[in-house]
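A closer look at the structure
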Amino acid sequence: MNYLLHTYIFIAGLIFGSFYNVVGLRIPKKESIIHPGSHCVTCDRSLHWSELVPVLSWVFQGGKCRGCKTSISFIYPLIELSTAILFTISPLVVGWSKELPVALALVSLLVIVLVSDIKYMIIPDKVLLFFLPVFIVLRIISPLNPWWDMLAGAVLGFCLLLLIAVISKGGMGGGDIKLMGVLGIVLGWKAVLMTFFLASFSGAVIGISLMATGKVKRREPIPFGPFLVLGALCSYFLYDELISLYLYILR
Ligand SMILES: [Zn+2]
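The rules behind each value
- Residues numbered from 1 in each chain as written.
- Predicted model: local features only at pLDDT ≥ 70, side-chain atom pairs only at ≥ 80, totals over all residues.
- Heavy atoms only, no water.
- Helix = DSSP H or I, 4+ residues; strand = E, 2+ residues; numbered from the N terminus.
- Buried < 20%, exposed > 50% of the residue type's maximum accessible area, 1.4 Å probe, protein only.
- Lys, Arg positive; Asp, Glu negative; His and termini not counted.
- Salt bridge = Lys/Arg side-chain N within 4 Å of Asp/Glu carboxyl O.
- Contact = heavy atoms within 4.5 Å.
- UniProt positions renumbered as here; feature names shortened; annotations may be inferred.
- Expected span 1.5 Å × (residues − 1).
- Donors = N, O, S within 2.8 Å, 3.2 Å for Na, K, Ca; no water.
- Tetrahedral: all angles 85-135°; square planar, octahedral: opposite > 155°, others 65-115°.
- Phe/Tyr/Trp six-rings, centres within 6.5 Å; stacked < 30°, edge-to-face > 60°.

With that settled, the discussion passes to the side chain of Asp-176. One can find Asp-176 in helix H7 (residues 174-212). Buried charge without a partner: Asp-176 forms no salt bridge, and the closest opposite charge is Lys-178, 10 Å away. Beyond its immediate chain neighbours, meaning those up to four positions away, Asp-176 contacts Asp-117, Ile-123, Leu-161, Phe-224, Gly-225 and Leu-228.

Following the UniProt record, the feature "domain: Prepilin peptidase A24 N-terminal" (unreviewed entry) maps to residues 11-90 here. When the span residues 11-90 is considered, its composition is 46% helix and 0% strand, and the gap between its end C-alpha atoms is 14 Å.

As a further point, take helix H8 (residues 225-237). Its 13 residues place the ends of H8 18 Å apart at the C-alpha level, agreeing with the 18 Å of an ideal helix rising 1.5 Å per residue. Of all 13 residues that make up H8, 11 are buried, and the element is covered over most of its length. Burial in H8 covers these residues: Gly-225, Pro-226, Phe-227, Leu-228, Val-229, Gly-231, Ala-232, Leu-233, Ser-235, Tyr-236 and Phe-237. Buried-residue contacts for H8 involve helix H3 (75-94), helix H4 (100-120), helix H5 (125-141), helix H6 (149-167), H7 and helix H9 (239-250).

A few words on the coordination of the zinc ion. In this structure, Cys-40 (SG), Cys-43 (SG), Cys-65 (SG) and Cys-68 (SG) serve as the protein donors to the zinc ion, at separations of 2.3 Å. Coordination at the zinc ion is tetrahedral: its 4 donor atoms span angles of 105 to 115° at the metal. Going along the chain, you hit the donors of the zinc ion in the pattern C-x2-C-x21-C-x2-C. Of this pair, Cys-40 sits in the loop between helix H1 (3-26) and helix H2 (56-60) while Cys-68 sits in the loop between H2 and H3, and the two are 28 residues apart along the sequence. Given a relative accessible area of 29%, Cys-68 falls into the partly exposed group.

What follows concerns the packing of aromatic side chains. Throughout the structure, instances matching the rule amount to 8 aromatic pairs. On the numbers, 5.9 Å between centres and 40° between planes, the contact of Phe-16 with Phe-87 is tilted. Of this pair, Phe-16 sits in helix H1 while Phe-87 sits in helix H3, and the two are 71 residues apart along the sequence. Classification of Phe-87 by relative accessible area gives buried; the value is 5%. Between Phe-19 and Tyr-20, the aromatic rings sit 6.1 Å apart at their centres with planes inclined by 50°, giving tilted as the arrangement. Under the relative-accessibility criterion, Phe-19 is labelled partly exposed at 38%. The exposure class assigned to Tyr-20 is buried, which follows from its relative accessible area of 7%. Taken together through their ring pairs, the aromatic side chains of Phe-16, Phe-19, Tyr-20 and Phe-87 make up a single cluster.

Below, the structure is given as structure tokens:
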């Protein structure tokens, strides 16, 4: 294993993760992702470079703004760390191959979606429209087997969630439906199905436990996006392992 290369990709993941926090927070508010520079959302103070170091700034500042002492959510360093870990895992799973850009792009989309959906319960069209052509080009360079599986995945992902939305009368957001269509290009139809089952299962488990502990009220909506993100990551990186596990349990 090339440790230096993996260290680089981990650090790149931290920096990209920090950028994806900004993208996920600003795009739904129709703000520029470049201007203004990073600032505290409470006291509006511009941040010094030493406050912008991924994960470490948050840890050393005790999770608070240096100016106004407002708490900064642990979600932000967690997103940075998760991006770094997923970036580092990518070449270990798919190798230093044509598939690596696909893996990194997938992680990038999923991290941005996670930030937006947790914060605003929105999966921004702008983000999906950016990644759609990127995924198509990357899937032409690194095709699934058979090649048309990208189309089958996109159609199945879109239609499956559309069907759920119709049956549940709006229990599924438009953003979730479009996200699954875009993810289908990367995943193909089998991993789309797995993503759907994993997301529904984990969503049900978490949803019921949140209701049981009184953290959310009955009928209060919880975003489905984070579960789709979790499901897509597991089915992309662990498809064979999960199938083996499933067959082992059935035996
Ligand atoms: Zn502040």
